[in-house]
Amino acid sequence: MTDALISSAYSQALEVIASVEPRIAEATRQELADQRGSLKLIASENYASPAVLLTMGTWFSDKYAEGTVGHRFYAGCQNVDTVETIAAEHARELFGADYAYVQPHSGIDANLVAYWSILAHRVESPALEKLGAKNVNELTDADWEKVRHELGNQRLLGMSLDAGGHLTHGFRPNISGKMFHQQQYGTDPETGLLDYDKVAAKAREFKPLILVAGYSAYPRRVNFAKMREIADEVGATLMVDMAHFAGLVAGKVFTGDEDPVPHAQITTTTTHKSLRGPRGGMVLANEEFAPSVDRGCPMVLGGPLSHMMAAKAVALAEARQPSFQTYAQQTADNAKSLAEGFLTRGADLVTGGTDNHIVLLDVSSFGLTGRQAESALLDAGIVTNRNSVPSDPNGAWYTSGIRLGTPALTTRGFGHDEFDNVADLIVQVLSNTEPGTNKAGAPSKATYALAEGVADKAKDAAAEMLDKHPLYPGLELT
Ligand SMILES: *Cc1c(COP(=O)(O)O)cnc(C)c1O
């Protein structure tokens with residue numbers, strides 16, 4: 001019944017779309033076929049449920065609702081209030097947070113809200129108080145200039161991009177690296193692991209206002225209790241960006257010191273990665289920071305995407321089911337299987353393994369750059385992304401690594417044997433790929449040559465596994 005309903009919902013929706021712009025309907029059908037037919041190992045991607053996907057396509061998209069629940073700058077927001085209230089309630093319950101703000105449109109928006117909340121709470125409010133003003137509108141232009149100068153001159157300490165941090169954690173080309181005086185902590189050059197003593201030493205010397213923990217490409221767990229101790233010692237606010245691993249927190253794989261929410265004053269996340277919801281962001285805060293987070297609009301956001309808040313509510317309801325804990329544990333177990341699969345076949349992994357959902361394969365032992373490896377794997381129907389390894393000799397564009405993640409294929413039902421097989425396919429492809437040359441005959445970091453027949457063989461082996469674990473089983477488009 002449900003399969004038939006979902007199939008007919010999408011088939012009819014595509015007909016409606018085709019009546020206006022058939023090329024978009026066609027591309028949408030093709031995207032499903034492509035996703036069904038490839039091994040998706042991109043660590044930041046997943047497959048949201050049909051219920052989540054369907055919730056995104058409604059008339060909530062048409063509604064403006066700037067403000068917060070009960071305090072909107074537009075009339076007629078009662079249903080948006082319902083949706084936002086339910087989404088926030090699920091988020092608080094799921095993560096055990098004092099407060100949840102579900103309006104951010106993306107992970108980057110969530111981080112901007114968090115940064116400005118910390119600045120507003122810790123820099124602007126005390127400055128206003130000193131000047132005897134309630135808000136910025138009461139300041140003279142000259143006084144405001146002083147406050148503005150302070151707001152723009154704070155210090156932020158985050159994990160460096162090449163150690164696995166994110167652009168928004170103080171990377172120079174990002175606004176976070178321009179707006180703040182930033183310094184970065186890395187990982188130990190020998191082990192590839194975070195060294196908390198070094199982070200602490202750097203924090204003592206630099207005295208940041210904000211210490212950011214969290215990562216996009218670090219294949220290990222982080223001890224957030226230790227990070228909070230470091231932050232407290234130097235008077236910093238601990239912000240954890242769990243965009244990548246929120247699903248493992250929601251699914252209770254990361255508990256105690258590894259659960260960021262009880263330790264950080266502010267935790268940000270995306271909702272579409274391991275959490276398996278719609279594309280979007282979210283901010284969780286403790287009591288102290290809740291009032292400033294609540295001013296995300298008008299601080300940095302405009303109108304919320306009400307249809308996406310509705311879809312977040314559906315996804316969070318799913319994540320509160322016991323089955324999500326099984327999924328999260330399987331995601332972590334599968335990463336271990338994948339890592340072991342590589343290690344038994346002699347491949348190099350950054351940090352020598354994994355204990356989250358990410359495996360970072362160093363492809364230099366195959367004589368390849370990340371760019372060459374990524375392209376060769378794509379030819380074989382294996383979708384990954386190239387990624388820097390610590391102190392990468394090939395820089396951020398060509399790189400020496402391939403980042404792999406298990407959330408998406410775990411959603412399809414892949415288990416230990418399949419992931420061992422995936423490691424085998426990847427090793428087969430990379431050991432049969434030769435680095436290429438440029439037009440002048442000099443060695444190139446981009447071109448490559450894949451031995452005859454290897455891609456087809458890998459595709460056949462992948463197709464067998466993919467057929468056994470169909471994406472959206474029961475969904476048939478007419
Ligand atoms: C993916 C990611 C983001 C950004 O999320 P977007 O939704 O793409 O803006 C931020 N921080 C971390 C750690 C991430 O992994």
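Residues numbered from 1 in each chain as written. Predicted model: local features only at pLDDT ≥ 70, side-chain atom pairs only at ≥ 80, totals over all residues. Heavy atoms only, no water.

**Observations regarding the domain arrangement of the protein**
For clarity, the threshold we go by: Boundary definitions for the domains trace back to an automatic or database domain assignment. Note on contacts: a residue pair is in contact if any heavy atoms of the two residues lie within 4.5 Å. Summed over both partners, buried area is the accessible surface (1.4 Å probe) that two parts give up on being assembled. By convention in these notes, a salt bridge is any Lys or Arg side-chain nitrogen within 4 Å of a carboxyl oxygen on Asp or Glu. Think of a polar contact as two N or O atoms within 3.5 Å of one another; within protein, one of them needs to be a possible hydrogen donor and the other a possible acceptor, and neighboring residues in sequence only count if both atoms come from side chains. Each helix is a run of H or I in the DSSP string that is no shorter than four residues. Each strand is a run of E no shorter than two, and both are numbered from the N terminus. Throughout, the ten residues Ala, Val, Leu, Ile, Met, Phe, Trp, Tyr, Cys and Pro are labelled nonpolar, Asp, Glu, Lys and Arg are labelled charged, and all others, Gly among them, are labelled polar.
Segmentation of the protein into domains returns domain 1 (60-319) and domain 2 (323-468). Computed from C-alpha coordinates alone, the two centres of domain 1 and domain 2 are separated by 31 Å. Tallying the contact residues gives 26 residues for domain 1 and 26 residues for domain 2. Roughly 2100 Å² of surface becomes buried between domain 1 and domain 2 when both sides are summed, with 57% attributable to carbon and sulfur atoms. Three residues stand out in domain 1 for area buried against domain 2, namely P219, R220 and R276, and they jointly supply 29% of the buried area on that side. Taken together, domain 1 and domain 2 are joined by one salt bridge. At the boundary of domain 1 and domain 2, one finds 12 residue pairs in polar contact (both at pLDDT 80 or more). Secondary-structure elements contributing two or more residues to the side of domain 1 that touches domain 2 are α10 (246-250) and α13 (306-319). Looking at the side of domain 1 that touches domain 2 element by element, the count peaks at three residues for α10. For the side of domain 1 that touches domain 2, the residue count by class is 12 nonpolar, eight polar and six charged.

**Here's the deal with the nonpolar core**
Soluble globular proteins tend to bury their nonpolar side chains together. The cut-off we apply is this: Take the buried Ala, Val, Leu, Ile, Met, Phe, Trp, Tyr and Cys residues and link them wherever side-chain atoms come within 4.5 Å; each set so joined is a nonpolar core. Buried residues are those whose accessible area, probed at 1.4 Å on protein chains only, stays under 20% of the maximum for their type, while exposed residues exceed 50% and partly exposed ones sit between those limits.
Residues F95, Y185, L211, M227 and L275 are the most contacted members of the largest nonpolar core, which totals 59 residues. For this core, the element with the most residues is helix α4 (residues 78-95), which contributes seven residues. Structurally, this core is a two-domain feature, drawing no fewer than three residues from each of domain 1 (60-319) and domain 2 (323-468). In contact with F95, not counting residues within four places along its chain, are M242, A246, V249, A250, V261, L275, M282, L284 and L316.

**Overview of the pattern of salt bridges**
Applying the stated rule across the entire model yields 16 salt bridges. Two residues, R220 and D355, come together in a salt bridge whose shortest N-O distance is 3.5 Å. Residue R220 is located in the loop between β7 (210-214) and α9 (224-234), and its partner D355 is located in the loop between β11 (348-349) and β12 (358-362); the two are separated by 135 residues in the primary sequence. Its relative accessible area of 16% is what places R220 among the buried residues. E258 is the partner of R221 in a salt bridge, and the nearest nitrogen-oxygen pair spans 3.1 Å. Of this pair, R221 sits in the loop between β7 and α9 while E258 sits in the loop between α10 and β9 (266-270), and the two are 37 residues apart along the sequence. Three or more residues joined by partner-sharing salt bridges are found here, namely R72, D81 and E84.

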